[in-house]
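Results of the structural survey
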Amino acid sequence: MHWLFGDQLGPHFLTPGNDGPGHNTPLLMIESRSVFRRRRFHRAKAHLVLSAMRHRAAELGDRVTYVRADTYRDGLDRAARGGGDGDGDGDGVSVHHPTSHAALRLVRALPQVTVGPARGFLVPIADFAAWADGHGGKRLRQEDFYHWVRREHDLLMEGGRPAAGRWNLDHDNREPPPRDTTSLQIGRPYRPREDDIDAEVRHDLDRWERDGDVSFVGRDGPRLFPATRAEARRALRRFVEQRLATFGPYEDAMLADDPVMSHSLLSSSLNLGLLDPAECVEQAEQAWREGRAPLNSVEGFVRQIAGWREYVWQLYWHFGEDYRNSNALDHTAPLPGWWSELDADAVRANCLRTVLAQVRDTGWTHHIPRLMILGSHALQRGWNPAAVTDWFHRCFVDGYDWVMLPNVVGMSQYADGGRMTTKPYTSGGAYVNRMSDLCGPCVYRPGDRTGEHACPYTAGYWAFLDRHRERLAGNHRVARPVRQLDRLTGLAEVREQEHARGDTPP
Ligand code: FAD
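Calculation notes
- Residues numbered from 1 in each chain as written.
- Predicted model: local features only at pLDDT ≥ 70, side-chain atom pairs only at ≥ 80, totals over all residues.
- Heavy atoms only, no water.
- Helix = DSSP H or I, 4+ residues; strand = E, 2+ residues; numbered from the N terminus.
- Buried < 20%, exposed > 50% of the residue type's maximum accessible area, 1.4 Å probe, protein only.
- Polar contact = N/O pair within 3.5 Å; in protein donor to acceptor, adjacent residues only side chain to side chain.
- Contact = heavy atoms within 4.5 Å.
- Core = buried A, V, L, I, M, F, W, Y, C linked by side-chain atoms within 4.5 Å.
- Phe/Tyr/Trp six-rings, centres within 6.5 Å; stacked < 30°, edge-to-face > 60°.
- Near = heavy atom within 4 Å.
- Areas by Shrake-Rupley, 256 points an atom, 1.4 Å probe, with all protein chains shown as cover.
- Nonpolar A, V, L, I, M, F, W, Y, C, P; charged D, E, K, R; others polar.
- Expected span 1.5 Å × (residues − 1).
- Domains from an automatic or database assignment.
- Buried area = accessible area lost by both parts, 1.4 Å probe.
- Pairing = 2+ DSSP bridges.
- Axes fitted to C-alpha atoms, helices over the stretch in contact; angles between N-to-C directions.
- Parallel < 35°, antiparallel > 145°, perpendicular 65-115°, else oblique.

**A look at the side chain of S297**
You can see S297 is positioned in helix α11 (residues 295–319). The buried category is assigned to S297, whose relative accessible area is 0%. Within the structure, the side chain of S297 is placed 2.9 Å from the backbone nitrogen of G248, a separation counted as a polar contact. Those residues within four positions of S297 in sequence are excluded, and the remaining contacts are L244, A245, T246, F247, G248 and P249.

**Some points on the nonpolar core**
One broad rule of soluble globular proteins: the nonpolar side chains tend to lie buried together. Formed by 130 residues in total, the largest nonpolar core has its most connected members in W3, L244, F301, L352, L374 and W391. Looking at this core element by element, the count peaks at 13 residues for α11. A459, L472, V478 and V482 belong to the second largest nonpolar core, which has 16 residues in total.

**Considerations on the packing of aromatic side chains**
In total, this model carries 29 aromatic pairs according to the counting rule given. Relative to W148, the ring of F145 lies with its centre 6.0 Å away and its plane at 45 degrees, an arrangement referred to as tilted. Within this pair, F145 and its partner W148 are both found in helix α6 (residues 142–152), separated by three residues, close to a single helical turn. Overall, the relative accessible area of 0% leaves F145 in the buried class. Measuring from centroid to centroid gives 5.6 Å for W313 and W317, while their planes differ by 80 degrees, and the two rings are edge-to-face.

**So, the site of the ligand**
If you check the shell around the ligand, you find 27 residues, and the closest are H263, S264, L265, N271 and D398. Measuring from an oxygen atom of the ligand, one finds a backbone N or O atom of L266 at 2.9 Å. The contact in question runs from an oxygen atom of the ligand to an N or O atom on the side chain of N271, over 2.8 Å. Here the ligand, which alone exposes 800 Å², has 98% of that area covered by the protein. Going through the elements one at a time, α9 (267–271), α11, α14 (367–381) and α16 (401–412) are the ones with two or more residues in the shell around the ligand. The dominant element in the shell around the ligand, judged by the number of residues it contributes, is α11, at six residues. In terms of residue class, the shell around the ligand is built from 13 nonpolar, 11 polar and three charged.

**Some remarks on helix α13 (residues 350–362)**
Between the first and last C-alpha of α13 there are 18 Å, a value that for 13 residues agrees with the 18 Å anticipated at 1.5 Å per step. Among the 13 residues of α13, 10 are classified as buried, and the element is accordingly described as predominantly covered. Among all positions of α13, only N350, C351, L352, T354, V355, L356, A357, Q358, V359 and R360 are buried. Buried positions along α13 lie against α12 (337–340), α14, α15 (385–395), α17 (429–435) and α18 (456–467). A positive backbone phi angle near 70 degrees is found at G363, which sits one or two residues after α13.

**Observations regarding the domain arrangement of the protein chain**
Domain parsing of the protein chain yields domain 1 (2–116), domain 2 (125–190 + 226–319) and domain 3 (325–501). Domain 1 and domain 2 are separated by 29 Å when their C-alpha centres are compared. Every contact between the two is made by 20 residues of domain 1 and, on the other side, 15 residues of domain 2. For the pair domain 1 and domain 2, the summed buried area comes to about 1300 Å², and 68% of that belongs to carbon and sulfur atoms.

**Some words on the side chain of R501**
Looking at where R501 falls in the secondary structure, it is placed in helix α21 (residues 491–501). What makes R501 buried here is its relative accessible area of 14%. Setting aside residues up to four positions removed in sequence, R501 forms contacts with R381, A454, P456 and P506.

**Some remarks on the environment of E285**
Tracing the backbone shows E285 in helix α10 (residues 277–289). Sequence-distant contacts of E285, defined by excluding residues within four places in its chain, comprise D154, L155, L156, M157 and V298. A polar side-chain atom of E285 sits 2.9 Å from the main-chain amide nitrogen of L156.

**Notes on the sheet that holds strand β5 (residues 113–116)**
Strand order in the open sheet made by the five strands is β3-β2-β1-β4-β5, with parallel pairing throughout. The open sheet has two edge strands, β3 (64–69) and β5, and neither has a second partner. Neighbour-to-neighbour, the strand axes of this sheet turn through a mean angle of 30 degrees, independent of strand direction. Bridging between strand β1 (residues 2–4) and strand β4 (residues 93–96) involves two bridges; their strand directions are parallel. The partner of H2 across the bridge, within β4, is S94. Sheet strands in contact with helix α2 (residues 43–60) are β1, β2 (27–32) and β3, and its direction is about 155 degrees off that of β2.

**Considerations on the packing of α11 against α16**
Packed helices, taken two at a time, are described by their axes: the angle between them and the distance between them. At a minimum axis distance of 8 Å, the contact between α11 and α16 shows a crossing angle of 95 degrees. Between α11 and α16, the interaxial angle falls into the category roughly perpendicular. Between α11 and α16, the contacting residues are W308, R309, V312, W313, L315 and Y316 on the first element and D401, W402, V403, L405, P406, N407 and M411 on the second.

**A short note on unusual backbone geometry**
Residue D154 is not a glycine yet carries a positive backbone phi of 50 degrees. Mapped onto the fold, D154 is located in the loop between α6 and β6 (157–158). Residues other than glycine seldom take positive phi values, yet R174 does so here, at roughly 60 degrees. Owing to a relative accessible area of 31%, R174 belongs among the partly exposed residues under this scheme.

In structure tokens, the structure reads:
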């Protein structure tokens with residue numbers, strides 16, 4: 001039997017060997033209830049994952065044994081009773097390299113399970129290890145890695161050189177949002193239609209909750225993300241046709257009434273294995289070659305997938321299991337209840353209220369709200385990075401262990417002390433004001449750091465730098481604002497005010 005995990009749902013996970021035929025190998029899928037009991041997931045995420053697994057099982061028909069079990073081991077045991085010795089050790093089962101340390105440990109501990117190569121990424125793990133070794137212990141830079149992937153995969157290359165002679169077109173991107181509109185007006189993104197399988201999933205989740213077996217955060221609502229490969233391909237096509245052209249310039253901008261802007265909404269499909277990254281970047285490149293999208297947008301999108309997504313996946317394995325316990329800034333505060341419950345209505349700061357409501361209602365926001373609104377607030381408040389990581393993992397439809405650890409522990413919370421990024425990603429309200437329309441209607445003023453209208457991000461930023469000034473003074477990317485602390489009027493008041501704020505909603 002060939003075992004498919006719930007994030008291995010596309011055709012590229014079907015062949016058990018390297019590229020053997022495997023067309024008739026019987027398949028096994030295990031729906032483990034304990035996964036949902038262990039963590040309080042967003043309801044929309046639980047729905048999406050179960051819906052995608054059950055849709056896949058329905059497509060595969062008789063070829064798949066679909067087991068609903070308490071744990072993976074129970075599931076294997078039950079499946080084995082149909083053929084093996086029934087001891088749950090996975091007799092004669094093959095599986096592709098799973099996506100978490102825990103799942104890899106599990107499959108490796110089963111004596112009869114053969115673990116095949118990872119699928120769903122452009123770069124094999126061993127190739128990355130060799131590339132990293134070639135750096136002789138020097139810092140691994142995402143930019144260098146990205147150039148290497150572009151060359152190796154011949155992405156946006158012309159005669160051995162990057163298209164238009166530039167690797168990076170960020171200079172043409174990262175614009176603030178247009179000031180005269182509340183939306184980019186580029187047509188609505190693809191949204192799927194629910195079917196009987198979704199109705200069954202919704203019914204099961206209601207029952208589990210009623211029985212007190214599991215509980216969820218977030219609101220239930222129509223499923224917003226693809227659960228089948230056909231839906232995911234439609235979403236990709238729609239993105240390339242309608243949104244890719246404007247992806248670059250507004251990549252970092254935020255509009256309250258247009259949370260998606262030009263983003264692709266493809267992360268959950270990629271992470272469920274419904275789409276392969278190669279087809280995403282190839283379709284984007286083709287759009288550029290045919291003159292349907294400009295290079296800055298296409299390069300920006302290719303960088304996200306062939307650069308960032310691949311890099312994050314590789315760092316997860318490269319940094320190892322202990323990385324999750326990193327806490328270089330010694331942040332120990334627990335998450336407050338309003339945050340854990342996604343209680344957006346308790347928050348007055350317009351940016352955080354808007355973004356937290358997006359998470360509550362959809363389980364998704366784009367990368368800047370994640371980094372510069374949610375993550376930045378958690379960092380400024382000194383919340384425990386492991387708790388913040390767990391929160392992101394549970395509350396986002398595209399959250400998985402491999403993608404959470406580098407993005408949250410490293411990029412967002414700087415808990416690894418700079419192994420992944422060269423500086424902590426946090427800012428005052430001025431950045432939010434420049435890159436969004438969220439500050440206009442806010443009760444707080446981005447320019448105020450003390451007093452009744454003090455922006456929690458502006459005050460939080462200075463308080464954060466102040467708390468960590470010793471460590472950060474030596475970091476050339478933030479040394480300047482750290483030096484400014486000595487000349488900052490009202491610093492003592494900022495300290496007092498932020499201390500008094502505690503963990504109340506801003
Ligand atoms: P687009 O903006 O359209 O980007 C295209 C694709 O690039 C995405 O679909 C995604 O597959 C890939 N990508 C871009 N950046 C990253 C990245 N840093 N890591 C991995 N993939 C990337 N991404 C997840 O897939 N799952 C997560 O749980 C997740 N958590 C995040 C938490 C934090 C604090 C931060 C800062 C980023 C996180 N990201 C995560 C990365 C990124 O925010 C999302 O991939 C993206 O917002 C998803 O929306 P999209 O598909 O419209 O992306």
